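# Structure at a glance
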Amino acid sequence: MKIAVIGTGYVGLIQSIGLAKLGFDVYGIDIDENKIKMLNSGKSPIWEENLEELLNKHNGKNLKFTADYGVISQCDAVFVCVGTPQSEDGTADMKYIFAAAESLKPYLKENAVVVIKSTVPVGTNRKVSRLLDGSGCHVVSNPEFLKEGSAVDDFFNTDRVVLGFEDRSKHEARDTMMEIYKYFYNNKTKFVITNWESAELIKYSSNSFLAVKISFMNELAKICDKTGADIGDVAKGMGSDRRIGKDFLKAGLGYGGSCFPKDVNALIKQFEQNELNAKIVSAADEVNAGLIGDFLARISKRVSKLEGKNIAVLGAAFKPGTDDLRESRAVELMNRFLLEKANVKCFDYIDGALKNADALFDGRVEVCRSIEDAVKDADAIIIATEYSRFNDEDWEAIAGLVREKLIFDGRNVLDKNIIAKHRFEYHGIGR
Ligand code: UGA
């Protein structure tokens, strides 16, 4: 089967490469000619574990990248994986979705399946279907649940495949989708077959529910700080109840990245558009928005004046294992330190994250290639990205390099015993 995937960002690229590994003939389409050139030469525009290796294994064989929508005329399925960024008013901007639909329409084969994989507000699949009216295609909603940092692994080990049809009995589209996803017929993968609207909402509510979990823990961390309870132990105790689950209970600087902040806002807006009030999700957003200010206030209280102080920020990406700086809490923190006229250095384990930080800060932050360079003469060390690898660093050497042995751990990752051994003053969040 030949499949086209429109968009070569995180979602589209992983989808193209994943489907190629499953044996399909895949065309990755993007309007950005530079990206196409880069991909055809075997270079990935994003860093993700195992991504470039897989790309090179299939590139030029059963995986081809092109800017020409014409290849769609050979395909049985077309996955739409373009971005749905946040508009100024908080709603999801659908311009790329509708532009992609317009562009693919002239080339659709009779009975082709158009699969909307991008995160889209409720009602979008119906609108796309109307737009494609007369082409004889079938529209299917198939939201994606990949996490950055483990995206390739998530593709092959997904918990669920959600398929939303206009009508559950639309067999032509259903057969094609089942053929594409037959690798996932196993005991671990749940297939959820539903209508367009439910599938669209499953995506927003999954991300928003996880955001609520995180904000709940961050709120709880505040009472831990006041009372002497430890948020890590509280999370462990709560998470041992299978009904609650142990994941996404980590308190810290809150959620960032290209998905949670945008999707939470888009869900709030969808409630508003339906004359409803998303009280719980709005509260999660409010808690998350206040965390950087709270953290900074704690630092300022201890350091007194940040102006002229050397601040070492460890971590730049929004989470470990990615070069993605979008909505990174580390970046937000660094911007706030710069506003206070502190001298900021940063470090990240991922080379691409350092390159992106270089481009973003353009000399305003000293981007360091080693932890040692970053902490040299530091008045305070800030842990901003959740790397447990920080525990394996040579803290004795670090202690000898800093000006003040002071750590603010915004991700609660450091082993307090290591820190105590090297006599650092340690401030975590709710611990
Ligand atoms: C998220 C979802 O987890 C994916 O299922 C979804 O497919 C994806 O968005 C998307 O919509 O495309 P991602 O943004 O890659 O994935 O990252 P997460 O691992 O979910 O982390 C998001 C943020 O939450 C990070 O800033 C992380 O540091 C923070 N977080 C996570 C916490 O603060 N505490 C936790 O316990 C877990």
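Residues numbered from 1 in each chain as written. Predicted model: local features only at pLDDT ≥ 70, side-chain atom pairs only at ≥ 80, totals over all residues. Heavy atoms only, no water.

### What about the overall build of the protein?
Counting its regular elements, the protein contains 16 helices and 14 strands. When the backbone C-alpha atoms are referred to their principal axes, the protein occupies close to 70 × 45 × 40 Å. Burial analysis of the protein (431 residues in total) assigns 54% to the buried set. When contacts within the protein are restricted to residue pairs at least 6 apart in sequence, long-range pairs at least 24 apart make up 72% of them. (Helix = DSSP H or I, 4+ residues; strand = E, 2+ residues; numbered from the N terminus. Buried < 20%, exposed > 50% of the residue type's maximum accessible area, 1.4 Å probe, protein only. Contact = heavy atoms within 4.5 Å.)

### Looking at empty space enclosed by the protein
Enumeration according to the criterion identifies one cavity of 30 Å³ or more in this entry. Each pocket or cavity is described by its volume, and for the largest cavity that value is around 40 Å³. Lining of the largest cavity is provided by Ile116, Ser118, Thr119, Val120, Ser141, Pro143, Ala199, Glu200 and Lys203. Ranked by residues supplied to the lining of the largest cavity, first place goes to helix H8 (residues 196-227) with three residues. Residue composition of the lining of the largest cavity, by class: four nonpolar, three polar and two charged. (1 Å grid on protein atoms, 1.4 Å probe; cavity = no way out; pocket = protein on both sides within 12 Å on 5 of 7 lines; lining within 4 Å. Points joined across faces, edges and corners; volume = space filled by probe spheres on them. Nonpolar A, V, L, I, M, F, W, Y, C, P; charged D, E, K, R; others polar.)

### Remarks on the packing of aromatic side chains
Throughout the structure, instances matching the rule amount to 14 aromatic pairs. Each ring, one from Tyr255 and one from Phe260, has its centre 5.8 Å from the other, and the planes form 80 degrees; the classification is edge-to-face. Each member of the pair, Tyr255 as well as Phe260, carries the same accessibility label: buried. Grouping aromatic residues by their ring pairs yields a cluster made of Phe155, Phe156, Tyr181, Tyr183 and Phe184. Over the aromatic face of Phe156 sits the side chain of Lys21, whose NZ or CZ is 4.9 Å from the ring centroid. (Phe/Tyr/Trp six-rings, centres within 6.5 Å; stacked < 30°, edge-to-face > 60°. Lys NZ or Arg CZ within 6 Å of the ring centre and 35° of its normal.)

### Observations concerning the pattern of salt bridges
Considering all chains together, one arrives at 23 salt bridges under this definition. Because the salt bridges share partners, they merge into one network encompassing Glu148, Asp324 and Arg326. (Salt bridge = Lys/Arg side-chain N within 4 Å of Asp/Glu carboxyl O.)

### Section: the state of the cysteines
Per the stated rule, a full pass over the model turns up zero disulfides. No disulfide involves Cys368; its sulfur sits 6.9 Å from the nearest other cysteine sulfur, which is in Cys346. (Disulfide = S-S within 2.5 Å.)

### Considerations on the nonpolar core
Within the largest apolar cluster, 65 residues are counted, with the highest numbers of intra-cluster contacts made by Phe337 and Ile381. For this core, the leading source of residues is helix H12 (residues 329-339), giving six residues. Beyond its immediate stretch of four places on either side in the chain, Ile381 contacts Ala312, Leu314, Val375, Trp395, Ile398, Val402, Leu406, Ile407, Phe408 and Phe424. Core analysis: the second largest hydrophobic core is formed by 40 residues, Tyr27, Ala100, Leu104 and Tyr255 among them. (Core = buried A, V, L, I, M, F, W, Y, C linked by side-chain atoms within 4.5 Å.)

### Overview of the site of the ligand
Lining the immediate environment of the ligand, one finds 20 residues, of which Leu146, Glu148, Lys203, Asn207 and Lys319 sit closest. At a separation of 2.9 Å, an oxygen atom of the ligand approaches a polar backbone atom of Gly256. Taking 710 Å² as the accessible area of the ligand by itself, protein coverage stands at 93%. For the shell around the ligand, the secondary-structure elements that each account for two or more residues are H8 and helix H10 (260-273). Here the shell around the ligand gets three residues from one element, more than from any other, and that element is H8. Tallied by class, residues from the shell around the ligand come to nine nonpolar, three polar and eight charged. (Near = heavy atom within 4 Å. Polar contact = N/O pair within 3.5 Å; in protein donor to acceptor, adjacent residues only side chain to side chain. Areas by Shrake-Rupley, 256 points an atom, 1.4 Å probe, with all protein chains shown as cover.)

### What about helix H11 (residues 279-303)?
An ideal rise of 1.5 Å per residue puts 36 Å on 25 residues; H11 measures up with 37 Å between its terminal C-alpha atoms. Approximately 30 degrees is the largest bend angle found in H11, and it occurs at Leu291. All of the buried residues in H11 are Val281, Ala284, Val287, Asn288, Leu291, Ile292, Phe295, Leu296, Ile299 and Val303. Where H11 is buried, its residues contact H8, H10, H12, strand E12 (380-383) and strand E13 (406-409). Looking one or two residues beyond H11, the residue adopting positive phi is Ser304, at roughly 60 degrees. (Expected span 1.5 Å × (residues − 1). Bend = angle between axes of the 7 residues up to and from the residue.)

### Examining helix H1 (residues 10-21)
Here H1 contains 12 residues, and its C-alpha end-to-end distance of 16 Å stays within 8% of the 16 Å for a straight helix at 1.5 Å per residue. Among the 12 residues in H1, 10 count as buried, and that is most of the element. Those residues of H1 lying buried are Tyr10, Gly12, Leu13, Ile14, Gln15, Ser16, Ile17, Gly18, Leu19 and Ala20. Just downstream of H1 lies Gly23, where phi reads positive at about 105 degrees.

### A word on the sheet that holds strand E11 (residues 366-368)
The six strands lie next to each other as E11-E10-E9-E12-E13-E14, forming an open sheet whose pairing is parallel. Each edge of the open sheet carries a strand with a single partner, namely E11 and strand E14 (425-427). For this sheet the average axis-to-axis angle between neighbouring strands, irrespective of direction, equals 20 degrees. One ladder, built from four bridges, connects strand E9 (residues 310-314) with E12; its direction is parallel. Within E12, the position partnered with Ile311 by the bridge is Ala380. Its contacts with the sheet place H11 against E12, E13 and E14, and it is angled at close to 170 degrees to E13. Seen against the sheet, helix H13 (residues 351-361) touches strand E10 (343-347) and E11 and runs at an angle of roughly 170 degrees to E11. (Pairing = 2+ DSSP bridges. Axes fitted to C-alpha atoms, helices over the stretch in contact; angles between N-to-C directions.)

### Thoughts on unusual backbone geometry
The phi dihedral of Asp362 falls on the positive side, at around 45 degrees, and the residue is not glycine. When you line up the elements, Asp362 lands in the loop between H13 and E11. Here Asp362 falls in the exposed class, since its relative accessible area comes to 66%.

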